[in-house]
Amino acid sequence: MGIVESVNVAVVRTGEWTGRVGRSGIDKKPVASPVLFEAAGVRGDAVCDRKHHGAWYQAAYAFDREELGHWSQVLGRELVPGNAGENLTLVDVDSSSAVIGERWRVGGAVLRVTGPRTPCRVFAGFWEVPSLVKQFTAHGRTGAYLAVEEPGEITAGDTVEVLSRPEHGVRVAEVFAVAMNRAPELAEHVERGLADLPEKWRESLAAKVASARSGTR
């Protein structure tokens, strides 16, 4: 059973690195008081790019404290909770190995794992690492997007309890690997978890699975 190190909400930033929208909520800071997680998202957070973020299956994003430590070593500077744009910084939770459709009770909320985070140029710009998309993709440990099944408040120190886990066993990192054309040998396995993916991601991944089976990309 893991714990929540911090709950983080956005400080809206502007700058050339924010891309076409010109604003970004990727820079998140810890909040001391309980925060309400609901189907529409995290209360007090900000989503600037509604084309790529803010869907029901992206209501919240979780990233592991251990992964922040990894990137701190890689980049040679200290990353702190919220620096990956995550709403939940988790300790002793391997969110990249969570099963698609897995359900967690965290504080007063019930959350469901929906899929991996895909790195983008805004993320690379925020960290000021031009090669970050390539590096992050190669590392393959993305953290997990979450839907909110039961709204409730979450605060630092709350436990993360797994309530249920689908039998197909398809993990977040495996979905990401197939989606990024990095592990065609996982295509048949990943196909078992398609029904637990949001429809938009399901269609895209099904096409990747078909391409892997046919030997094309």
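In this convention, every chain numbers its residues from 1, walking through the sequence in written order. Selection of residues for local features in this predicted model requires a pLDDT of at least 70, selection of side-chain atom pairs for listing and counting requires 80 or more, and totals for whole chains, interfaces and linings are taken over all residues. Each side-chain value is worked out from all heavy atoms of the structure, with water and hydrogens disregarded.

Regarding the packing of aromatic side chains
Piece 1. Stacked, edge-to-face and tilted are the three classes for Phe, Tyr and Trp ring pairs, Trp counted by its six-membered ring, which pair at centre distances within 6.5 Å; planes under 30 degrees apart are stacked, over 60 edge-to-face, the rest tilted. Going through the model one piece at a time under the given rule, you end up with eleven aromatic pairs.
Piece 2. Where Tyr61 meets Phe63, the ring centres are 6.2 Å apart and the plane angle is 35°; that geometry is what we call tilted.

Some details on the state of the cysteines
Piece 1. Cysteine sulfur pairs qualify as disulfides if the two atoms are within 2.5 Å. Taken as a whole and assessed by the stated rule, the structure comprises zero disulfides.
Piece 2. No disulfide involves Cys48; its sulfur sits 12 Å from that of Cys120, the nearest cysteine.
Piece 3. Burial classes: relative accessible area under 20% of the type maximum marks a residue as buried, over 50% as exposed, and values in between as partly exposed (1.4 Å probe, protein chains only). Overall, the relative accessible area of 18% leaves Cys48 in the buried class.
Piece 4. Exposure remark for Cys120: the relative accessible area of 31% places this residue in the partly exposed category.

Concerning the sheet that holds strand 6 (residues 41-42)
The strands making up a sheet are joined through hydrogen bonds of the backbone, oriented either antiparallel or parallel.
Piece 1. The sheet built from three strands is open, its strands ordered 6-5-12 with antiparallel pairing. Each edge of the open sheet is held by one strand with a lone partner, namely strand 6 and strand 12 (152-154).
Piece 2. Criterion used throughout: strands pair if DSSP finds at least two bridges between them. Each helix is a run of H or I in the DSSP string that is no shorter than four residues. Each strand is a run of E no shorter than two, and both are numbered from the N terminus. Pairing geometry for strand 5 (residues 35-38) and strand 12, over three bridges, is antiparallel. Across the sheet, residue Phe37 finds its bridge partner in strand 12, namely Gly152.

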